[in-house]
Amino acid sequence: MATQLILVAASGLAREVLALVRAHGGYDVVGFLDDDVARHGTTLDGVPVLGGIDAVTEHPDAELLVCVGKGASREQVVERLDGLGVFPIRYATVVHPAVDVPDGCEVGVGSILLAGVAMTAAVTVGSHVVVMPNATLTHDCVLQDFSTVCAGVALGGSVVVGRAAYLGMNASVRENVRVGEGATLGMGAALLVDQPDGETWAGVPARALGVPTGIARHRNDGWPATAEHTERIDEGARA
Ligand SMILES: CC(C)(COP(=O)(O)OP(=O)(O)OC[C@H]1O[C@@H](n2cnc3c(N)ncnc32)[C@H](O)[C@@H]1OP(=O)(O)O)[C@@H](O)C(=O)NCCC(=O)NCCS
């Protein structure tokens, strides 16, 4: 018999996970938990919304997967579940069966890898990470816990995606570059230099949103942190 699975948040991501496990087996999705009371007792794609997150205590045998789209919110939900006695062993890890996870690559608990994700060598995916279709994670990349990598993202070698960072669709990150914790990289961006924690950057080359061209010379908040960063951003702008 397939393992019972409850999806936490009746979200678009949860529907994608539901479609995946329905097509490929492994889990029997018995319901959603969602704090929106208006949804309690309704169904989504034929699966009932069982109640709020606190109702997790009524389903001690099911595995869980937190399907909140935003990493920081996923982290809050996991903290709440922790307070309700949910330990890491309860979390499912859902990887599309056609995704190859080579020896030397790791995927943490509670993470979701959708169709077409490519991992090459020594890729480390932390816990509660979401990687959407056709993202490419090349050698030695690290995706820290609660990060989100949208469809079509391409990461060069040894890229680090910080905790709860969000990379929009089709963004590209140059090798050896770090996306800061809680940072957001806009869809279609080309990130050439380290992106500071918590900032939103976009464009080609990527720069902080709302900061005019020439960011490297005009900002006065301590970033770019080094003369080397300044030079690299200017180089990117000239390229
Ligand atoms: C970067 C992003 C987070 C910014 O969102 P936002 O804060 O709501 O920003 P706005 O839409 O108000 O745009 C602010 C400015 O940034 C520009 N901008 C927004 N996104 C941009 C992008 N990806 N690339 C370049 N410029 C962008 C806008 O044109 C606007 O410029 P203006 O001030 O000159 O008019 C968002 O646009 C984005 O790319 N999100 C990722 C979407 C995604 O991948 N979704 C996947 C769902 S599965």
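Residues numbered from 1 in each chain as written. Predicted model: local features only at pLDDT ≥ 70, side-chain atom pairs only at ≥ 80, totals over all residues.

Peer 1: A description of the overall build of the chain should follow, citing residues and the corresponding values.
Peer 2: Helices and strands together make up the secondary structure of the chain, namely 4 helices and 23 strands. Taking all 239 residues of the chain together, 38% fall into the buried category. In the chain, once contacts between residues fewer than 6 apart in sequence are set aside, the share between residues at least 24 apart is 28%. (Helix = DSSP H or I, 4+ residues; strand = E, 2+ residues; numbered from the N terminus. Buried ≥ 20, exposed ≤ 12 C-beta atoms within 10 Å, placed from the backbone. Contact = placed C-beta atoms within 7 Å.)

Peer 1: Could you give me a rundown of the sheet that holds strand S8 (residues 112–113), with the residues and numbers involved?
Peer 2: Taking strand neighbours across the sheet as the criterion, the 8 strands line up as S6-S8-S11-S14-S17-S20-S22-S23 in an open arrangement whose pairing is mixed. Two strands lie at the open edges of the sheet, namely strand S6 (94–95) and strand S23 (207–208), each paired on one side alone. Here strand S11 (residues 130–131) runs beside strand S14 (residues 148–149); their pairing, made up of 2 bridges, is parallel. If you follow valine 131 over to S14, its bridge partner there is valine 149. (Pairing = 2+ DSSP bridges.)

Peer 1: I'd like a description of the environment of aspartate 28, backed by residues and values.
Peer 2: Note that aspartate 28 resides in strand S2 (residues 27–33). When the 13 C-beta atoms within 10 Å are taken as the criterion, aspartate 28 is described as partly exposed. Taking the C-alpha atoms as reference points, aspartate 28 and leucine 5, 23 residues apart in sequence, are found 5.8 Å from one another. Other than its neighbours up to four places away in sequence, aspartate 28 contacts Ala2, Thr3, Gln4 and Leu5.

Peer 1: Would you mind going over the site of the ligand in detail, with residue names and values included?
Peer 2: All residues adjacent to the ligand are Cys150, Gly168, Met169, Thr184, Gly186, Met187, Gly188, Thr200, Ala202, Gly203 and Leu209. Its residues placed into classes, the shell around the ligand shows 5 nonpolar, 6 polar and no charged. (Near = placed C-beta within 6 Å. Nonpolar A, V, L, I, M, F, W, Y, C, P; charged D, E, K, R; others polar.)

Peer 1: Which residues make up the pairing of S2, and what are the values?
Peer 2: A large share of S2 lies buried, amounting to 5 of its 7 residues. The pairing of strand S1 (residues 3–8) with S2 spans 6 bridges and is parallel. Its bridge partner lying in S2, leucine 7 is registered against phenylalanine 32. Pairing of S2 with strand S4 (residues 47–51), which is carried by 2 bridges, proceeds in the parallel orientation. Among the inter-strand pairings, leucine 33 is bridged to a residue of S4, identified as glycine 51.

Peer 1: Mind laying out helix H1 (residues 12–24), listing which residues take part and the relevant values?
Peer 2: When the terminal C-alpha atoms of H1 are compared, their 19 Å separation across 13 residues agrees well with the 18 Å that a helix rising 1.5 Å per residue should span. Burial in H1 covers these residues: Leu13, Ala14, Val17, Leu18, Leu20 and Val21. For H1, the buried positions fall inside an angular range of 165° around the axis, keeping them on one side. Projecting away from the buried face of H1 at angles above 90 degrees are the exposed residues Gly12 and Ala23. One or two steps after H1, the chain reaches glycine 25, where phi turns positive at roughly 75°. (Expected span 1.5 Å × (residues − 1). Arc of directions from axis to C-beta.)

Peer 1: Talk me through the pairing of S4; I want residue IDs and the actual numbers.
Peer 2: Inspection of the sheet shows strand S3 (residues 43–44) paired to S4 by 2 bridges, in the antiparallel sense. For threonine 43, the partnering residue across the bridge sits in S4 and is proline 48.

Peer 1: Run through the sheet that holds strand S15 (residues 154–155), naming residues and quoting values.
Peer 2: In spatial order, the strands read S9-S12-S15-S18-S21; together these 5 strands make up an open sheet with parallel pairing. Of all strands in the sheet, those with a lone pairing partner are strand S9 (118–119) and strand S21 (190–191), marking the two edges. Across 2 bridges, the pairing between strand S12 (residues 136–137) and S15 is parallel. Bridging across to S15, leucine 137 finds its partner in leucine 155.

Peer 1: Residue-level account of the nonpolar core, with values.
Peer 2: Of all hydrophobic cores here, the largest spans 68 residues; its most connected members are Leu7, Val17, Leu65, Cys67, Val131 and Leu167. Per-element tally for this core: the top contributor is H1, with 6 residues. Excluding residues within four positions of it along the chain, leucine 167 makes contact with Thr148, Val149, Cys150, Val153, Val161, Val179 and Leu185. (Core = buried A, V, L, I, M, F, W, Y, C linked by C-beta atoms within 7 Å.)

Read these as geometric descriptors, not functional statements.
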